[in-house]
Amino acid sequence: MGVSAMDIRIEKVAKSRLNEVDFGNIQFGKIYSDHMLVVYYDNGVWGQPEIVPFKELSLSPATTFIHYGQAIFEGIKAYKDSEGNPLIFRPRDNWARMNGSAHRMAMPNVPEDIFINGLRELVNLDRDWIPSTPDTALYIRPFMIAIDEFIGVKPAEKFMFIIITSPAGPYYNKPVSIYVQDQYVRAFPGGIGFTKAAGNYGMSMFPTQEIRKMGYDQILWTDGFEHKYVQEIGTMNVFFIIGDKVITPDIQHDTILAGVTRDSVITLLKDKGVTVEERLLSIDEIVEAHNNGTLKEAFGTGTAASIAPISALTYHDRTMELSDAETWETANWLKKEMADIRYGRKEDIHNWTLAV
Ligand code: COI
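Only a predicted model underlies this, so the values are computations on that prediction, with no experimental measurement involved.

*Asks:* Tell me about the domain arrangement of the chain, residues and numbers included.
*Replies:* Looking at the chain, the domain boundaries give domain 1 (5-169) and domain 2 (176-342). The centre of domain 1, based on its C-alpha atoms, is set 27 Å off from the matching centre of domain 2. Linking domain 1 with domain 2 are 1 salt bridge. Where R90 meets D263, a salt bridge forms, and the shortest distance between an N and an O atom there is 2.9 Å. Remark: the boundary between domain 1 and domain 2 carries 12 residue pairs in polar contact (both at pLDDT 80 or more). Examining the composition of the side of domain 1 that touches domain 2, we find that 6 residues originate from one element, helix α2 (residues 91-104), more than from any other. Split by residue class, the side of domain 1 that touches domain 2 holds 10 nonpolar, 4 polar and 6 charged.

Structure representation (C-alpha cells):
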C-alpha cells in the first residue's frame, strides 16, 4: 500500500503552545512541538498514519516493550534556510538505518512513504517550531515500540511507529571530558551494538552514572574481548586526528552505530582530499600519539551532538589533555561546512537535504 501525503489524516491542535517557548534559551530535549505522527502495525500491515496533537500514550502496564525492550529509535534534525524554508538533513539514511535496527530487533520495516512523507508533513505543519539561532535545530525523534499486551517473552505482533519533534540547542555546549571504559562492555560482534535499540542506551546508564560521579561527561567504549580497541562514545561516534590522518573505528563488526553524521564527516573530508582511515584503533595508539605530540584533535559526531570536541581523555589513572579546541583546524572546518549545508548556505552536492 502506498501512502502519499494525501493519506495522512491530520488533527491540528486547538491552540498552539508556541508562544510558551523561550526560543532565546533552548536546551536539548526538553520541549516538544504541537504535533506528532502515529501509525499502528497489526496483522502484518501498517495502518492509517495520523498527525495528532502531542499527547501522552495510553498503554497497558503489560505492554511488551516496557518489559523486554523491543524498542528502537532514530535522531534527525531539520533546519531553516535563509528564506525560512525547512530542510531536513539526510532523513532517508535514518529511515534505512531504522529498518536495519528493526530487522535485528524482529520488528517490521517502516515503509519509506510512511517515514518520509510522515516526516515531511509533520515538519511542514510544525515549521514555526524550527529555531533559527546558531547551533539550534528541530530535533526529530522517530521511534518504534512493540505494543502487544503480553508478558511472555516472544517477538511482538503489534507495533507503534511515532515521530515527535523538539526544538533543540546543542547537546554539549562545551568540549567533553571522556573516560575510556575498560570494565563494562557496550557491544560484541553478533550483538545489537550497530542498532539504535533502546537497550544500547539503557545498559549504559549505570556505567555513565559512575563516571559522572568522577567528573567525566561521557564514556569511550572499548571492545569486549581485550578492552583494547575503541568503539564509540555513549552518545556519538568518535574521530581522532593523528599526524595528518583522520582515524575512526570501522563499523564492520556489528558493534558500532553507522552514524549519519559520521558518514557526512568522512565524505566531506574525503572530498577535501584528507586521508580518512576507518579501521581498528587501539587505545595504545592514541596514548602513543598523545605521548609523541601527534594527537592533534579528537571529537565526537552525532545528530544530537553535531561535532563535539573532546577536551581530555582519561585512561586508567592517566588524563590526556588536548589543546584548545577553538584552534583546531579540522573540527572547526567540519562544523562550518556541515552548518553551511544544513542551513542551505552551500551547494548540497551530495543531495543530503530534503525540502519539505
Ligand atoms: C542522536 O544523536 O540523535 C542520538 O540519538 C543520540 C542520543 C543519545 C541523543
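Structure's up, so let's keep going.
*Asks:* Please give an account of the nonpolar core that cites residues and values.
*Replies:* L220, F240, I286, F299, I310 and L313 are the most contacted members of the largest nonpolar core, which has 48 residues in total. A domain-level breakdown of this core finds at least three residues from each of domain 1 (5-169) and domain 2 (176-342). Counting 35 residues, the second-largest nonpolar core is a separate cluster that includes A78, V123, A146 and F161.

*Asks:* Mind laying out the packing of aromatic side chains, listing which residues take part and the relevant values?
*Replies:* Within this structure, the stated rule accounts for 15 aromatic pairs. Geometrically, the ring pair formed by W46 and F161 is edge-to-face, given 6.4 Å between the ring centres and 80 degrees between the ring planes. One end of the pair, W46, is in strand β3 (residues 45-46); the other, F161, is in strand β9 (residues 159-168), with 115 residues separating them in the sequence. Judged by its relative accessible area of 9%, W46 is buried.

*Asks:* Break down the site of the ligand for me, with residues and values.
*Replies:* Around the ligand, a shell composed of F73, G75, Y139, R141, Y171, K196, Y201, T235, T303 and A304 is seen. In this structure, Y139 approaches the ligand through a side-chain N or O atom, which is 2.5 Å from an oxygen atom. A304 places a main-chain nitrogen or oxygen 2.8 Å from an oxygen atom of the ligand. For the ligand, whose unbound accessible area comes to 280 Å², protein coverage reaches 90%. For the shell around the ligand, the per-class residue count stands at 5 nonpolar, 3 polar and 2 charged.

*Asks:* Break down helix α5 (residues 205-213) for me, with residues and values.
*Replies:* Taken together, the buried positions of α5 are occupied by P207, T208 and I211. All buried residues of α5 lie within an arc of 100 degrees about the axis, which places them on one face of the element. Exposed residues lying more than 90 degrees from the buried face of α5 are M205 and K213. Those residues of α5 that are buried lie in contact with β10 (176-181) and β11 (218-222).

*Asks:* Kindly report on the pattern of salt bridges, identifying the contributing residues and their values.
*Replies:* This model, assessed by the stated rule, comprises 18 salt bridges. Close ionic contact of D148 with K154 constitutes a salt bridge, the shortest N to O distance being 3.7 Å. By relative accessible area, K154 is classed as partly exposed at 35%. One continuous salt-bridge network, built from bridges that share partners, spans K245, E277, R279 and E285.

*Asks:* Outline the side chain of Q218, supporting the account with residue identities and numerical values.
*Replies:* Along the polypeptide, Q218 turns up in strand β11. Its relative accessible area of 5% is what places Q218 among the buried residues. A polar atom in the side chain of Q218 sits 3.3 Å from the backbone nitrogen of G234.

Thresholds, definitions, all that
- Residues numbered from 1 in each chain as written.
- Predicted model: local features only at pLDDT ≥ 70, side-chain atom pairs only at ≥ 80, totals over all residues.
- Heavy atoms only, no water.
- Domains from an automatic or database assignment.
- Salt bridge = Lys/Arg side-chain N within 4 Å of Asp/Glu carboxyl O.
- Polar contact = N/O pair within 3.5 Å; in protein donor to acceptor, adjacent residues only side chain to side chain.
- Helix = DSSP H or I, 4+ residues; strand = E, 2+ residues; numbered from the N terminus.
- Nonpolar A, V, L, I, M, F, W, Y, C, P; charged D, E, K, R; others polar.
- Core = buried A, V, L, I, M, F, W, Y, C linked by side-chain atoms within 4.5 Å.
- Buried < 20%, exposed > 50% of the residue type's maximum accessible area, 1.4 Å probe, protein only.
- Phe/Tyr/Trp six-rings, centres within 6.5 Å; stacked < 30°, edge-to-face > 60°.
- Near = heavy atom within 4 Å.
- Areas by Shrake-Rupley, 256 points an atom, 1.4 Å probe, with all protein chains shown as cover.
- Arc of directions from axis to C-beta.
- Contact = heavy atoms within 4.5 Å.

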